[in-house]
Every structure is written in C-alpha cells, then in structure tokens.
Amino acid sequence: MIQIEIDNGSGFCFGVTTAIKKAEEELAQGGTLYCLGDIVHNGMECERLRQMGLITINHDDLKNLHDVKVLLRAHGEPPATYELARQNNIEIIDATCPVVLKLQKRIKEQYNSAVSNCPLAKSQEPRAKSQIVIFGKKGHAEVLGLVGQTESSAIVIENFDEVEKLDYSRDIYLYSQTTKSLDEFHRIIDYIQSHISEGATFQSFDTICRSVANRMPNISQFASRHDLILFVCGRKSSNGKVLYNECLRVNPNTHLIEGPDEIDPAWLKGIETVGICGATSTPKWLMEQCRDKLLSMDE
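Scope of this entry: the structure provided in the associated data block. Since the model is a prediction, treat every value here as computed from it, not as a measurement.

Here four strands make up an open sheet; going across it, the order is β7-β6-β8-β9 and the pairing parallel. Because the sheet does not close on itself, it has two edges, and the strands there are β7 (155-157) and β9 (202-204). Recorded for the sheet is a direction-independent mean angle of 20° between the axes of neighbouring strands. The sheet contact formed by strand β6 (residues 130-135) and strand β8 (residues 171-176) spans six bridges and is parallel. Residue pairing across strands places Gln131 opposite Ile172, the latter belonging to β8. Docked against the sheet, helix α8 (residues 182-195) engages β6, β7, β8 and β9, running at close to 175° with respect to β8.

Here it is as structure tokens:
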C-alpha cells in the first residue's frame, strides 16, 4: 500500500484566498461579475468559478464594458485600469493583495520623488538620472501593475543574467515581484553593489512575500521525504515554477501536473511514498483529487 502525504504548507496564499472569497461573495448576491484576467493561475479553479457565473475578460474587453462590476485579482493593476473603470462607470471589486498594494505604493512614491526633484520634463529626467528596476517576469500581471506606477519607465529584469544590461553610472533602485526567488534576488543585489559606479546611488528593497518565500525551505524538506513528488500547479504560475524547480532539485523524481488526469501509473512502480504539494495558486481540493486518484490506482 502506497503512503500518500499532502503538504500542509501548500495551497492558496492569503491574497489568492481573499480574491476567491470576494468573487464567491459577489456571485452569491446574483448579477453579473467580471474578472480582469484569470483570478488564479489554475485552470481547474477558474473553471469552478466560471460555473458559478464568473466571467473572465481581458483589457480589450474592459474598454467596451460600461456600468458593470469588475473584480481585480490579487496580482494588482496599473493606474490606467482604474482610470478606465472610472470613465466607463465600472464598479471595481478590488482584490489586490495587500502585499502587492504596498509594493505599488513604494514604487510610485520613488518614481514621483524622482519626477519632483527634476528641473526638466518628467518624461526625460527620471530615466536620465535614475533607474527603477523590477526583478520579475516580463508581461506578468503583477509586474505590469508595478511598471504602470512609473508611467512604463521601470526596467524589468527576469533573472540574474539580465543584470548586466543596467547602467551602473546612474542611480539604481531595485524592487522585486513578490513571488520571485529570494536567493536570486540577493545574487542580483550583490552584483549591483560590486559594479555600481562611484557617485551613483544604489538602494534595494526586499519586497518578496514571506508567505511565499518561506515555502521554499519547507517544500525542500517535504520533497526529500518521499520517493515520488507530484507537484500540482497551473503551468502559467510563476510562483509554481519556482517551487516546482526546488522540488525537482531536491528530488529528481518530481512531476508537474495540472490535475489527477495527468498522473501516469508507470510513475508508481516501485514507489512506497508519494508527496503531493503545489503552488500558492493550487487549491487544496485539487491536491485531494490527486490523492484520491492515486488511491484508486493502488487498489
């Protein structure tokens, strides 16, 4: 009989839990509710909410909507989205994660400070004198919201290898997407500190969410305890990729699956223990479904 353990530390983070709860509460009241983008990077959870009535839209769709309710997911949005909603008389149900909101505010204040201290036009001087740099995934919803605080002037670097493209003769203010790797962020800090020119300012702000970062050591220990790891995660999840790769590093017999139908019976050959874990966008009920599928295979 195979022993199966579901990681207690896996599952929705606070921000995602709050966003889904807000969506469920609004849908329970009846009426139409739109969500700008997938509420969570998990197809099966999105489908569950779709069946409850949630309608997912993109930014082009938003332009054509008027007098409706639109939920903003935990990732956050740039100021332009709020302005469009105001113009179209759209009621915003704001489920932006508090950690992301705080980060947006810090970046906006930094940008505004650069603008206010400039004798030239704001479109020129902030870019000429200083660089606001965001360690994050290009095109990711959260990163788009952060870049939007700087009127699109922030520089986004996705990984350590891209740090060389910065101008070290100019001031650098470094922030991070909340779900990025803490270790890689510190590598970037060390590199910039050792290359920044004399007379240029460098400041870094650790804006990585600890509820996500703290999962790394826990999931490492969890992965090391089992013969087989099933990492349940939507393939769009940035956080999921980080945690999955950590599992894979510790336990090469790790497989990323989106749901129980992707479990290959061949993986169970010679296996005594299976660990099931997931990302901050993975619902508990989905990991439980994977456990039940394993149990049915083991009968």
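Resuming the write-up.
Mapping Glu142 onto the fold places it in helix α7 (residues 141-147). Buried and unpaired, Glu142 has Arg73 as its nearest opposite-charge partner, separated by 10 Å. Once you skip the residues sitting within four places of it in the chain, Glu142 turns out to touch His75, Val100, Leu103, Gln177 and Thr178.

Scanning the model with the defined rule gives 17 salt bridges in all. We note a salt bridge from Glu26 to Lys69, for which the minimum N-O separation is 3.1 Å. Pair noted here: Glu26 is in helix α1 (residues 14-28) and Lys69 is in strand β4 (residues 69-72), with a separation of 43 residues, a long-range link. Among the residues examined, Glu26 registers a relative accessible area of 16% and is labelled buried. Taking relative accessible area as the criterion, Lys69 reaches 25% and is therefore assigned partly exposed.

Next up on the list: the pairing of strand β5 (residues 91-94). One ladder, built from four bridges, connects β4 with β5; its direction is parallel. Of the residues in β5, the one forming a bridge with Leu71 is Ile93. Of the crossover connections in this fold, the one passing from β4 over helix α4 (residues 79-87) to the parallel β5 is right-handed.

We now examine the packing of aromatic side chains. All told, the structure shown has five aromatic pairs when counted by the stated rule. On the basis of an interplanar angle of 55° and a centroid distance of 6.0 Å, the ring pair of Phe231 and Tyr244 is categorised as tilted. On the criterion of sequence distance, the pair formed by Phe231 in strand β10 (residues 228-232) and Tyr244 in helix α11 (residues 238-250) is long-range, its members being 13 residues apart. Like Phe231, the residue Tyr244 is buried in the burial classification. An aromatic cluster of three or more residues is present, and its members are Phe160, Tyr168 and Tyr191. Above the ring of Phe160, the side-chain terminus of Arg187 is found at 3.9 Å from the ring centroid.

Quick look at the environment of Gly11 now. Structurally, Gly11 can be placed in the loop between β1 (3-6) and α1. Among the residues examined, Gly11 registers a relative accessible area of 1% and is labelled buried. As for Gly11 and Ala279, which are separated by 268 residues in sequence, their C-alpha atoms are 6.0 Å apart. Sequence-distant contacts of Gly11, that is, excluding residues within four places in its chain, are made with Arg215, Ala279, Thr280, Thr282 and Met287.

With that settled, the discussion passes to the packing of α1 against helix α2 (residues 43-52). Put simply, α1 and α2 touch, their axes get as near as 10 Å, and they point 15° apart. Classified by the angle between their axes, α1 and α2 sit roughly parallel to one another. For the pair α1 and α2, the crossing hand works out as left-handed. Of α2, the residues touching α1 (which contributes Ile20, Glu24 and Leu27) are Glu45, Arg48, Leu49 and Met52.

Procedures and definitions
Residues numbered from 1 in each chain as written. Predicted model: local features only at pLDDT ≥ 70, side-chain atom pairs only at ≥ 80, totals over all residues. Heavy atoms only, no water. Pairing = 2+ DSSP bridges. Helix = DSSP H or I, 4+ residues; strand = E, 2+ residues; numbered from the N terminus. Axes fitted to C-alpha atoms, helices over the stretch in contact; angles between N-to-C directions. Contact = heavy atoms within 4.5 Å. Buried < 20%, exposed > 50% of the residue type's maximum accessible area, 1.4 Å probe, protein only. Lys, Arg positive; Asp, Glu negative; His and termini not counted. Salt bridge = Lys/Arg side-chain N within 4 Å of Asp/Glu carboxyl O. Right-handed = clockwise from strand over helix to strand, strands pointing away. Phe/Tyr/Trp six-rings, centres within 6.5 Å; stacked < 30°, edge-to-face > 60°. Lys NZ or Arg CZ within 6 Å of the ring centre and 35° of its normal. Parallel < 35°, antiparallel > 145°, perpendicular 65-115°, else oblique. Left-handed = near helix turned anticlockwise from the far one by under 90°.

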